[in-house]
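Observations on the model geometry
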Amino acid sequence: MELLVASAIGVLTTAGVYLTLRLRTFPVILGMSLLTYAVNVFLFASGRLTIGAPPILSDGATTYTDPLPQALVLTAIVISFGMTAVVVMISLGAYLGSDDDHVDDPIEAAGSEVRK
Amino acid sequence: MSLFLLVALPFFGALLPGIMNSAGRSACAGVTFTVSLAAFVGLLTNLPAILAGQTVMARIDWMPELGLNFTLMLDGLGFFFALLILGIGMLIIVYGRNYLSREDNMGEFFTYLLLFQGAMVGIVMSDNILLLLVFWELTSLASFLLIGYWKHLAEGRQGARMALTVTGMGGLSMIGGMLILGQIVGSYDLSVILQNREAIQADPMFLPALILILLGCFTKSAQFPFHFWLPHAMAAPTPVSAYLHSATMVKAGIFLMARMWPVFSGTPEWFYLVTSAGLITMVLGAVIALFKHDLKSLLAFSTVSHLGLITMLLGTGTAFGALAAVFHILNHATFKAALFMSAGIVDHEAHTRDIRRLGGLRHLMPVTFTIATVAALSMAGIPLLNGFLSKEMMLEEAHHTVLFGSHWLVPVMATVGSLFSAAYCFRFIGHTFLGPVRDDYPHKPHDPNAGMWLPPALLAVLVVVIGVAPFLVQDFVFLVAKAVMGDAAVLKTKYIKIWHGLTPALYMSLIAVFGGLAVLMLFKPLSKIWETTPRPEAKVIFEAMIAAFVRLSQVLTHPLHNGSFTRYAMIGVIAMIAAGYHAYATGTVAAPVRAIQSAGPVPIAGWAMLVAATCGLVIMHRQRLLALILIGIVGLMVSVGFVYLSAPDLAMTQFTVEVVTIILLLLALNFLPNQTPVESTTLRRTRDAVVSVAAGLATFGLAYHYLLRDFIDPSISEFHLANSYKGGGGTNVVNVILVDFRGFDTFGEIIVLGIAALLIYALTEALLNGPVRRRLLNRVPDQPRSGDMHPMMMVVVTRVIMPVVLLVGFYIFLRGHNEPGGGFIAGLIVSIAVVMQYMASGFSWASARLKYPYHGVIGAGVLVAGLTGIGSWFVGKPFLTSDFTYVRIPPFYKFELATAALFDLGVFLAVVGAVMLSLESFSRLARRADSAENEHPMDIDPSRAVSAEGSTDMKEGN
C-alpha cells in the first residue's frame, strides 16, 4: 500500500512538473492541478496510512488515523480551487487581451526607462 | 483626556471629512476643526499636571515580547509640541477652508491633514521608541499625500516623491539607530533610555546609533546636506506648507534631537556633528533664501536656515543652548506659519508668488501687509518682536561656543547667518509690499476675507505679545527646557528679557540688522553675481542618483527575472531537487520500522487507473478537452483513495471540488484554443522530461521513506483525538479541528477564498469594461453551437433534484460535527446544485432568480464566523472559544447545540459565495460572447405552446 501511494505521488509530480514546464497557459494550469493533487496526497500521507479507521470517534473503535493532516488538506483542497480559479481567470484575461496564451513574457530591453 | 484618546482622535476624526464632503465645504472644514479642537481641549486638560511638573503616562502592552508597547508619555516637551501641532493645526484648517478652491476635494485634503496631525501627536507623545518609529513613518506617508495633494501638478508629485524618498531613507536609518539604542539599554521605553546616559555613551555602539538617529533627524528637519527636499515640497498648497514647514513635520527631527538630548548631548561626537550641520545649514539656507524670487521658496530656505539655527543650539549641549532652542522653536512656529499664510494670501490674490512681479502691495492689501511685516521683522530679529529675543539668545550662545578650537568661527558664522536672514526678511517686505503700486499684476490683488487673514493675524498678535512681554511665556519655556534636559537642569533664571545691557550679542545683532539692510541695497549687483555663479542643482543630482539606482537594480534583476515563467519554474524545481538531495546525502537515514501494508486487487486497480490517466494526460495534453476528462479521472481516483485510506471528509471535499473545478475549466476552455500546438523541440521536451522524472523520483523517495518510519517527535494528533468530544463536543475529529481547535486558521482560509473570488470578479469586470469587451462581442465560436441550448430534459431534471440536493447539503452540514461532512462540503454541494441551474436554464434565467448577490453571501459568511468568534469575548474567553450544550425538546431525542455549528455556518456561506461568484464571473464572459440571450429557461417548452395558442403567432425556439 505504501508503495502504491508513494509511487502515485511520484507519478503525479512527474506529470505535474512536465506540464508546468510547457509554454501555453492551459497545460500549465493542468500541471499545477496535478501538482496540487500530489502535494495534497503527500501532506495527507504524512499522517501515515491507515485503512478502515476514520477519525470519527465511536465506542467500538480502538485506533484512529491521524486527523490533523486531514484537516489541513481539507482546507488546502478548497483553497486550491480558489487558486486555480484565479490563475485560470488571469490566463483567460491575458489571452483575450492579447490573443496569445504563452506563459512567457520576455522583458523588452527598451521598455525599462525610469518613470518620470 | 486620556492620552490614548488624544492620539486616536485625529485618526478616527480622519474618517469624517470624507463623509462630510458632500455636505459642503464648510461642513467638511467644520468637522475637521471640531476634531482638532476636541484634541486641543483634551490636551489642555492635562495642563495642570504638566505645570505641576508631572509626566502623564498611559500604557497598554502590545507585543511585550518584542519590547513594543503602546506606551504614551506627556511631559513638558511633548505638551509643548502637541500644543503647537494642534493649535496651529486649527488655524490652518480655517485658513485652508478659505484657501482651497471649489475644484479641490476638500474631504481628501482634511483627511490627509488629520492623519498627519495624528501621526505628529503620536510622535511627540510616544514613550516607546518603536511606537515612535511607527508614527514617524506615518508622518512621512501623510506628508507625501499632503505635498502631492495637487496631483495634476508634476512639481507637486515630484516634490512629494522627493520628500518621501529623503525622509523615508532617514526613517530607515533611524530604525537601525533606535534598535541599537534599545539593545544597549535593554528597553525600548524612552523613560528608561533617558535614565541611562552613562551606559549609552560608554557603549562601543554609541557612535553608530548616534549617526543613524541623526540621519533620521537631519533628513526630517532638512539639515545640510539633506536640505534640498524642503524647497521642492513647496509645490504643495500653501496651507500644507504653512503647517508642515513651520510647526510640525520639519520640527519632528528637532523634537527628536531635543528628546534625545539628555543621552546624547555633551559628547564630542554630538557636538561636532550637530553643531556643524546646524551652522552650515543656517548660513547656507539664509544665503540661498535671499536670492530666491519665489515667495514660498524664499520662506522654504529661510525655514531651512532657522532649523539649522535650532539644531546648532541643541548641538552646543549647554543648558542655555537648549533653552534658546526651545524658545526659538516657539517663536519660529508663530512667525513662520504667519509668513507662509501671508505668502499664500499674496499668491491667492495676485495669482503670482514671484517677487519680481510684485511690489507696492501695501496700498492694496493693508491687512496682509501689516501681518506679513510684523512676522518678517520678527524673523529678522527686530526688537520688541519675539524673533529678536531668541535670536539674541542664539548669538549669546554662539559667542560662547568654541568649534574646532576656534573662538571666532561660530560667532562669525552666526552673525553672517543672521545678516542674510535679516536681508531676506527685508527683501520679503520691501520687494513685495513696499515700492510703487504696479499695474501689471496677473490679477488685481486685494485683502482676502477674514477667514484667510484671521489665522495669520492671530499668530502676528502672538509675535508681538511674546516680543513685548516675554515674562508671560518665560515660565512655560523654562518648564519645557527642563523637560528637554531631564532632571539635571541648571538654568540661569529669568534670562528671557528684552534688555540685557551692552552685550556682545547686541553688537552682533546690530551688525546683522544693518548689514542686512546694506545687502538689500546692493541686491541687484549681488543677484547678478549669484545668477552667474555655477551652483550644484540638488534636484538634478537627486534624480541622477535615483536613475542610477534604478539602472543598478535592473542590471541585477533583469538577467534573473526575464519574464519567462518556464524558466523560473525550472530553476525552482531544480533547486528543490538539489536541496532535497543535499539533505539526503548529508543526513542520516533511519531503518524502516513500519511494516508495509498489503494491498488488495481493488487498490491496485485504482492505482493503475490513476497512473494510466496521468500518463494519458501527459501524452494527450494537446487535446485540451480530452485532457480535462483525464484530469477528472485523476481527481476521482484521488478521492477514492481518500475513502480507502480512512479520510471520508477529504474524499467528499475532493469529489465536490473536482466537479466545480472541471466546470470552471470547461468555461475557460470555451474561450481558449482547443488544441495546444507543438512548439518546443524534442531536445527541450527531453530535458523537461528528465527534470520532471527527477522531481517525481525525489518525491516518491521522500514519501516512501517517511511512510515506513514513525514520527520523530510525538504527534499532537493524540491531543485532538482525546479532546475532540470532551472539549469540542463532536465525534468527527477532522471537523472539530477545523471549526474549533484550529478555527482561527479556518477563519483565515475562508477570508482568502472570499478574496480570491472577489479578485476573479474584479478581473472579469476589468475585462468586460476594457478593450476585450468588443472582442468578446464580435467573437465567432470556433465550434458549432448546439441547436438546443437549454435541453428540456436537463432543465426539468435539475429543477426536480434541486430541493433534493439542497436537502442533502443541509443534512451534510448538520451532521458535520459528528459524521463526515461540515460547512466546506455542504457549501460545495449547494454550489453544485445552483450551478446546475445556471447550466441547464441559462445565465439570465438563473441570475434573475437570485435574491442575494454572492459578494454579500461571502461577506455574510465571514461576518457570521467572525461574530461567532467575537461572541466568546462576552463571556471573557479568547476569540473563537467554542461552547456546546445538549438540549432536548420533547418529543425529539436529545441533540447538541454548539457555537462551532454557527462558525461552520459562516464557513458554509463563504464557500457557497466564493464558488458561485467565481463561476458566475466566468459565465458572465460567456454571456457577453453569445449575444443571443434566452428569454425562457427552455428553448422548446410544450406548456408555452399551449398558453400561446390564443395569440397570433407562436414563439419558436432559436
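Keep in mind that what you see is a predicted model, and the values were worked out from it rather than measured.

On inspection of all chains with the given rule, the structure shows 23 aromatic pairs over all chains. A centroid spacing of 5.8 Å and a plane angle of 20 degrees characterise the contact between Tyr95(B) and Tyr99(B), whose relative ring orientation is stacked. Of this pair, Tyr95(B) and Tyr99(B) both sit in helix 5 (residues 76–99), 4 residues apart, roughly one helical turn. This pair shows no difference in class: Tyr95(B) is buried, exactly as Tyr99(B) is. Ring centres of Phe228(B) and Phe542(B) lie 5.7 Å apart, and the angle between their planes is 50 degrees; this geometry places the pair in the tilted category. With a gap of 314 residues between them, Phe228(B) in the loop between helix 11 (206–220) and helix 12 (229–232) and Phe542(B) in helix 26 (residues 538–557) connect regions that are remote in the sequence. Each member of the pair, Phe228(B) as well as Phe542(B), carries the same accessibility label: buried. An aromatic cluster is defined as three or more aromatic residues linked by ring pairs; in this entry it consists of Phe79(B), Phe80(B), Phe81(B), Phe255(B) and Phe476(B). The ring of Phe711(B) has Arg48(A) sitting right over it, with the charged end atom 4.5 Å from the ring centre. Between the NZ or CZ atom of Lys220(B) and the centre of the ring of Trp136(B), over which it lies, the distance is 4.9 Å.

Take the interface of chain A and chain B next. Listed as interface residues are 86 residues of chain A and, on the opposing side, 115 residues of chain B. Between chain A and chain B, the buried area comes to about 9200 Å², and carbon and sulfur atoms account for 75% of it. Applying the counting rule to chain A against chain B returns 3 salt bridges. A salt bridge links Asp688(B) to Arg22(A); the nearest nitrogen and oxygen atoms lie 2.1 Å apart. Across the chain A-chain B interface, the total number found is 29 residue pairs in polar contact (both at pLDDT 80 or more). Counting residues per element, the ones that place at least two in the side of chain A that touches chain B are helix 1 (2–20), helix 2 (25–45) and helix 3 (67–98) of chain A.

Turning our eyes to something else, we now look at the side chain of Ser36(B). Residues and elements named next belong to chain B. Its location among the elements puts Ser36 in helix 3 (residues 25–44). Here Ser36 falls in the buried class, since its relative accessible area comes to 0%. If we skip the residues at most four places from it in the chain, Ser36 touches Leu86, Met90, Ile93, Leu114 and Gln117.

Another aspect to go through is the pairing of strand 2 (residues 68–74) of chain B. All names here are of chain B. With 6 of its 7 residues buried, strand 2 lies for the most part within the structure. Taken together, the 7 bridges between strand 1 (residues 56–63) and strand 2 define a ladder with antiparallel strand orientation. Bridge pairing links Met57 to Met73 in strand 2. If you look at the hairpin formed by strand 1 and strand 2, you'll find 4 residues sitting between the two strands, and Gly67 has a positive phi there, around 75 degrees.

All names here are of chain B. One way to put it is that helix 17 (residues 319–350) packs onto helix 19 (residues 366–380) with a least axis distance of 9 Å and a crossing angle of 140 degrees. When the axis of helix 17 is compared with that of helix 19, the two are oblique. Once helix 17 is placed against helix 19, the crossing between them reads as left-handed. Together, Phe335, Lys336, Ala338, Leu339, Ser342 and Ile345 of helix 17 and Thr368, Ile371, Ala372, Ala375, Ala376, Ser378 and Met379 of helix 19 make up the contact between the two elements.

For Thr614(B), the location among the structural elements is in helix 28 (residues 601–619). Of the residues examined, Thr614(B) reaches a relative accessible area of 0% and is grouped as buried. Leaving out residues up to four positions away in the same chain, Thr614(B) has contacts with Val11(A), Leu12(A), Ala15(A), Leu34(A) and Val634(B).

Rules behind the numbers
- Position numbers for residues count from 1 along each chain, tracking the sequence in the order it is written.
- Going through the entries in the order they are written, you letter the chains from A and number the ligands from 1.
- Only residues with pLDDT of at least 70 get local features here, since the model is predicted, and only at 80 or more are side-chain atom pairs given and counted; chain-wide, interface and lining totals rely on the full set of residues.
- Only heavy atoms go into the side-chain values, all of them from the structure, while hydrogens and water stay out.
- Ring geometry is summarised as follows: Phe, Tyr and Trp rings, the Trp one being its six-membered ring, pair when their centres sit within 6.5 Å, and such pairs are stacked at plane angles under 30 degrees, edge-to-face over 60 and tilted between the two.
- Numbering of helices and strands runs from the N terminus; a helix is a DSSP stretch of H or I covering at least four residues, while a strand is a stretch of E covering at least two.
- Relative accessible area decides the class of each residue, using a 1.4 Å probe on protein chains only: under 20% of the type maximum gives buried, over 50% gives exposed, and in between gives partly exposed.
- Our definition puts a charge over a ring when NZ of Lys or CZ of Arg is within 6 Å of the ring centre and also within 35 degrees of the ring normal.
- We call two residues contacting when some pair of their heavy atoms lies within 4.5 Å.
- The term buried area means the drop in 1.4 Å probe accessible area that two parts suffer when joined, counted for both and summed.
- By convention in these notes, a salt bridge is any Lys or Arg side-chain nitrogen within 4 Å of a carboxyl oxygen on Asp or Glu.
- For the purposes of these results, a polar contact is taken to be a pair of N or O atoms within 3.5 Å, where, inside protein, one atom must be able to donate a hydrogen and its partner to accept one; residues adjacent in sequence count only when each atom of the pair is a side-chain atom.
- If DSSP finds at least two bridges between two strands, the strands pair.
- Only the stretch in contact is used when fitting a helix axis, every axis being a line fitted to C-alpha atoms; angles between N-to-C directions are given from 0 to 180 degrees.
- Our angle categories are set so that under 35 degrees counts as roughly parallel, over 145 as roughly antiparallel, 65 to 115 as roughly perpendicular, and the remainder as oblique.
- Here a crossing is taken to be left-handed if its near helix is turned anticlockwise relative to the far helix by less than a right angle, and right-handed if that turn runs clockwise.

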